[in-house]
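What follows is each chain in one-letter form.
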Amino acid sequence: MVGKTKKNEWFYRVKILNPITGKRIEKYKSGFLTKKEAIKAGDQIKRELENNPSDFYEFKDLVNRFLADQRNRNQTSTVEGKERNLRNYILPYFEDKTLEQIDKKFVLSWASEINSIKHLSNRTKNDITGLLKFIFAFGDIELDIPKNPTRAIRALPERSKKYRILTRDEFKKVMTHISQEDEEEFFNVNDRIMTLFL
């Protein structure tokens, strides 16, 4: 449907049935100079909506499908950890959004908020943002989502533990501080562990 506004501009109003929820969706836009422009834009938006039913999905629908899949693939404790991160850090921001409404700008704003939480380590922040990326990757496979706004998220640097291998002389020095009894017990335990793997 097209018409004129009080400001003498042309508008379109497109109504389409959401194939997922069965509810009617209405898209409206005004500001067109001619009736022809309004009709063309309205037809284009209608085609886009009909060709991309994944845009109708709400994020919480995608999460429910994702969690059902994860319950079949992972241990209960793993899924519970993901549910906890979803409940505390992701769903409060994304729950009522459709996939169409979640764009790169919105995702980056959310990631910035997550990164500003002081009591979380960088590893935990990366786990949370990684979970959102994983959900969208799942949606890409399951629903053929045309866009993945989480690709813009970058991982934070994590502190890695540095290990150094002792030289032969350093090892000999360490061994001088270990009693003969401790040394025998240490190597006996290691021998028993090695036989378990052989």
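Everything that follows concerns the structure shown earlier in this document.
What counts and how
Residues numbered from 1 in each chain as written. Predicted model: local features only at pLDDT ≥ 70, side-chain atom pairs only at ≥ 80, totals over all residues. Heavy atoms only, no water. Helix = DSSP H or I, 4+ residues; strand = E, 2+ residues; numbered from the N terminus. Contact = heavy atoms within 4.5 Å. Areas by Shrake-Rupley, 256 points an atom, 1.4 Å probe, with all protein chains shown as cover. Salt bridge = Lys/Arg side-chain N within 4 Å of Asp/Glu carboxyl O. Buried < 20%, exposed > 50% of the residue type's maximum accessible area, 1.4 Å probe, protein only. Bend = angle between axes of the 7 residues up to and from the residue. Patch = residues over 30% accessible without salt bridge, like charges linked within 9 Å, V, L, I, M, F, W, Y side chains within 5 Å. Axes fitted to C-alpha atoms, helices over the stretch in contact; angles between N-to-C directions. Parallel < 35°, antiparallel > 145°, perpendicular 65-115°, else oblique. Left-handed = near helix turned anticlockwise from the far one by under 90°. Nonpolar A, V, L, I, M, F, W, Y, C, P; charged D, E, K, R; others polar.

Asks: What should I look at first to understand the overall build of the protein in this one?
Replies: Tallying secondary structure elements over the protein gives 7 helices and 3 strands in all. Beginning at the N terminus, the succession of helices and strands in the protein can be written as β-β-β-α-α-α-α-α-α-α. Intrachain contacts of the protein at a sequence separation of at least 6 include 57% that bridge at least 24 residues. Looking at the protein as shown, the accessible area adds up to about 14600 Å², and 50% of this sits on carbon and sulfur atoms.

Asks: Can you help me understand the pattern of salt bridges in this one?
Replies: Side-chain pairs of opposite charge can arise whenever the charged atoms involved come near each other. In the structure shown here, the tally under the stated rule is 7 salt bridges. A salt bridge links Glu-58 to Lys-60; the shortest N-O distance between them is 3.6 Å. A residue is classified by how much of its surface remains accessible, and Lys-60, at 31% relative accessible area, is partly exposed. Between Arg-73 and Asp-69 there is a salt bridge; the shortest N-O distance is 2.9 Å. One end of the pair, Arg-73, and the other, Asp-69, are both in helix α2 (residues 59–73), 4 residues apart, so they sit about a helical turn from each other. Connected via shared salt-bridge partners are Glu-58, Lys-60 and Asp-96.

Asks: Would you explain helix α3 (residues 76–94) in this entry?
Replies: Residues lying three or four places apart along an α-helix face the same way, a consequence of the helix completing one turn every 3.6 residues. The sharpest bend along α3 reaches about 50° and sits at Arg-87. For α3, the set of buried residues is Val-79, Gly-81, Lys-82, Asn-85, Leu-86, Tyr-89, Ile-90, Leu-91 and Phe-94. The elements touched by buried residues of α3 are α2, α4 (104–115) and α5 (122–143).

Asks: In this structure, what is going on with a nonpolar patch on the surface? I would like to understand it.
Replies: A surface patch of nonpolar side chains, about 310 Å² in accessible area, is lined by Leu-166, Phe-171, Val-174 and Ile-178. With respect to the helices and strands, the residue Ile-178 is situated in the loop between α6 (168–176) and α7 (180–197).

Asks: Can you walk me through the packing of α4 against α5 in this structure?
Replies: For any two helices packed against each other, one specifies the crossing angle of their axes together with the interaxial distance. One way to put it is that α4 packs onto α5 with a least axis distance of 10 Å and a crossing angle of 160°. Considered as vectors, α4 and α5 are oriented roughly antiparallel to each other. The interaxial crossing formed by α4 with α5 has right-handed handedness. For the pair α4 and α5, contact is made by Val-107, Trp-110, Ala-111, Ile-114 and Asn-115 and by Lys-125, Ile-128, Thr-129 and Leu-132, respectively. Of the residues that constitute the contact of α4 with α5, the class distribution is 6 nonpolar, 2 polar and 1 charged.

Asks: I tried to follow the packing of α3 against α4 on my own but got confused; where do I start?
Replies: Packing of α3 against α4 brings their axes to within 11 Å, and their N-to-C directions diverge by 145°. In this structure, α3 crosses over α4, and the sense of that crossing is right-handed. Only Phe-106, Val-107, Trp-110, Glu-113 and Ile-114 of α4 make contact with α3, whose side of the interface consists of Tyr-89, Ile-90, Tyr-93 and Phe-94. The residue inventory of the contact of α3 with α4, partitioned by class, reads 8 nonpolar, no polar and 1 charged.

Asks: How should the side chain of Asn-85 be read in this particular structure?
Replies: Within the secondary structure, Asn-85 is located in helix α3. Residue classification places Asn-85 among the buried positions, given a relative accessible area of 18%. Beyond its immediate sequence surroundings of up to four residues, Asn-85 is in contact with Ile-90, Ile-128 and Leu-131.

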